[in-house]
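Fold and geometry: a report
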Amino acid sequence: MAEKPAIRDAIRTQEKILAAAQAEFARRGYDGARVDAIVARAKVSKNLLYHYFRGKEDLYIRILERTYETLRRRQSDVPVNGLDPLSAMIRLCENTFRVFVEEPDVIVMLNTENLYRARHIAKSTIIRSMYDRLSENLRDILRQGEEQGVFRKGVDPVELYISISGLGYFYLSNRHTLSMLFNRKLSAPENIEHRQAHLVDMVISYLTRQPEPGDWTPELAR
């Protein structure tokens, strides 16, 4: 059965409002964003906005959910099932980095929410579940790599993801200051490609190198 026009119109209206809200939050942050500016961008009435959303905080949480959903979707948009563990890990590293490059609002939204100490994320019912699935996927890849003798044993999937994310996130979120300090245009396409290769090399080098006596291991933190 074809979707009813009223339902299609409601979905389109909500998408217009959310797109306008994302642009406003990315530009002005949570405190600086105004509902009046969002309705002006979306070209809808304030009453219509409040018909679909409870207010600015509700909109912000929805945008955060979309931000994290974009990040997770891009991390898994190329299926890793069926790939060998090494190829799957390389793909995950590349996709994590590329989403920061190609979806700059992701970095802006993450920076903003960190200023609020994850106050709004804590009110979302779905963001945590996205990362529970990510941890499971990483754990599966690491387990397969261990079983095949490709990866070292005992790698914490959460620690690994933080490292993968940080190697790309910090580079891009600080590219303006770092470019000035080191006199290198970090946003140039060739430097973006070099950084991606560097990120992959660091992660894979760590995973495929077997620990030696004296190396740090997770047990040392316990």
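Preceding this section is the structure that the text describes.
All of the points below concern the structure found in this document. (Residues numbered from 1 in each chain as written. Predicted model: local features only at pLDDT ≥ 70, side-chain atom pairs only at ≥ 80, totals over all residues. Heavy atoms only, no water.)

1. A few points about the overall build of the protein
Helix and strand counts for the protein stand at 10 helices and 0 strands. When the helices and strands of the protein are read in sequence order from the N terminus, they spell out α-α-α-α-α-α-α-α-α-α. Seen along its three principal axes, the alpha-carbon backbone of the protein occupies a region of about 65 × 50 × 35 Å. At a minimum sequence separation of 6, the contacts of the protein that also span at least 24 residues come to 69%. Accessible surface, the protein as shown: approximately 13,200 Å² in total, 52% of it carbon and sulfur. Here the protein contributes 34 positively and 30 negatively charged side chains, and the mean placements of these two sets differ by 7 Å. (Helix = DSSP H or I, 4+ residues; strand = E, 2+ residues; numbered from the N terminus. Contact = heavy atoms within 4.5 Å. Areas by Shrake-Rupley, 256 points an atom, 1.4 Å probe, with all protein chains shown as cover. Lys, Arg positive; Asp, Glu negative; His and termini not counted. Charge placed at Lys NZ, Arg CZ, Asp CG, Glu CD.)

2. Section: the layout of surface pockets
A probe as big as a water molecule, rolled over the atoms, marks out the empty space that is left. Here the largest pocket defines a volume of roughly 630 Å³. Taken together, 23 residues form the lining of the largest pocket, with Y68, Y131, Y161, I162 and S165 sitting closest to its centre. Of all the secondary-structure elements, those providing two or more residues to the lining of the largest pocket are helix 4 (56-75), helix 6 (104-115), helix 7 (127-147) and helix 8 (157-173). Considered class by class, the residues forming the lining of the largest pocket number 15 nonpolar, 4 polar and 4 charged. (1 Å grid on protein atoms, 1.4 Å probe; cavity = no way out; pocket = protein on both sides within 12 Å on 5 of 7 lines; lining within 4 Å. Points joined across faces, edges and corners; volume = space filled by probe spheres on them. Nonpolar A, V, L, I, M, F, W, Y, C, P; charged D, E, K, R; others polar.)

3. Some words on the packing of aromatic side chains
The full count for this structure, using the stated rule, is 7 aromatic pairs. Ring centres of F25 and Y60 lie 5.0 Å apart, and the angle between their planes is 75 degrees; on these two criteria the pair is classed as edge-to-face. With a gap of 35 residues between them, F25 in helix 1 (residues 5-32) and Y60 in helix 4 connect regions that are remote in the sequence. We note K56 situated over the ring of Y30; from NZ or CZ to the ring centre the distance is 4.6 Å. (Phe/Tyr/Trp six-rings, centres within 6.5 Å; stacked < 30°, edge-to-face > 60°. Lys NZ or Arg CZ within 6 Å of the ring centre and 35° of its normal.)

4. A few points about the side chain of T67
Counting through the fold element by element, T67 comes out in helix 4. By relative accessible area, which is 6% here, T67 ends up buried. (Buried < 20%, exposed > 50% of the residue type's maximum accessible area, 1.4 Å probe, protein only.)

5. Brief notes about unusual backbone geometry
Even without being glycine, K43 reaches a positive phi, approximately 60 degrees. Inspection of the secondary structure assignment puts K43 in the loop between helix 2 (35-42) and helix 3 (46-52). On the basis of relative accessibility, which here comes to 71%, the residue K43 falls in the exposed class. Despite not being glycine, R117 has its phi angle at roughly 55 degrees, a positive value. Along the chain, the position of R117 falls in the loop between helix 6 and helix 7.

6. Some points on the environment of R117
Exposure remark for R117: the relative accessible area of 77% places this residue in the exposed category. In this structure, the C-alpha to C-alpha distance between R117 and A197, residues 80 residues apart in sequence, is 32 Å.

7. Here's the deal with the environment of E15
Here E15 shows up in helix 1. When the C-alpha atoms of E15 and T67 are compared, they prove to be 14 Å apart, with 52 residues separating the residues in sequence.

8. Re the nonpolar core
Ranked by size, the top nonpolar core spans 57 residues in total, and within it F25, L59, M89, F100, L160 and V203 carry the most contacts. Elements with a minimum of two residues in this core: helix 1, helix 2, helix 4, helix 5 (85-102), helix 6, helix 7, helix 8 and helix 10 (189-208). Excluding residues that lie within four positions of it along the chain, L160 makes contacts with M89, L138, L142, V155, V203 and L207. (Core = buried A, V, L, I, M, F, W, Y, C linked by side-chain atoms within 4.5 Å.)

9. Thoughts on helix 2
Residues of helix 2 that are buried: V35, I38, V39 and A42. Each buried residue of helix 2 sits inside an arc of 95 degrees when the element is viewed along its axis, so together they form one side. Positioned one or two residues after helix 2, K43 has a phi angle of 60 degrees, which is positive. (Arc of directions from axis to C-beta.)

10. Remarks on the packing of helix 5 against helix 7
Running from amino to carboxyl end, helix 5 crosses helix 7 at an angle of 145 degrees, the nearest separation of the two axes being 9 Å. Seen along the crossing, helix 5 lies across helix 7 with a hand that is left-handed. For the pair helix 5 and helix 7, the contacting residues are P85, A88, M89 and L92 in the first and L138, I141, L142, Q144 and G145 in the second. Along the lines of polarity and charge, the residues of the contact of helix 5 with helix 7 split into 7 nonpolar, 2 polar and no charged. (Axes fitted to C-alpha atoms, helices over the stretch in contact; angles between N-to-C directions. Left-handed = near helix turned anticlockwise from the far one by under 90°.)

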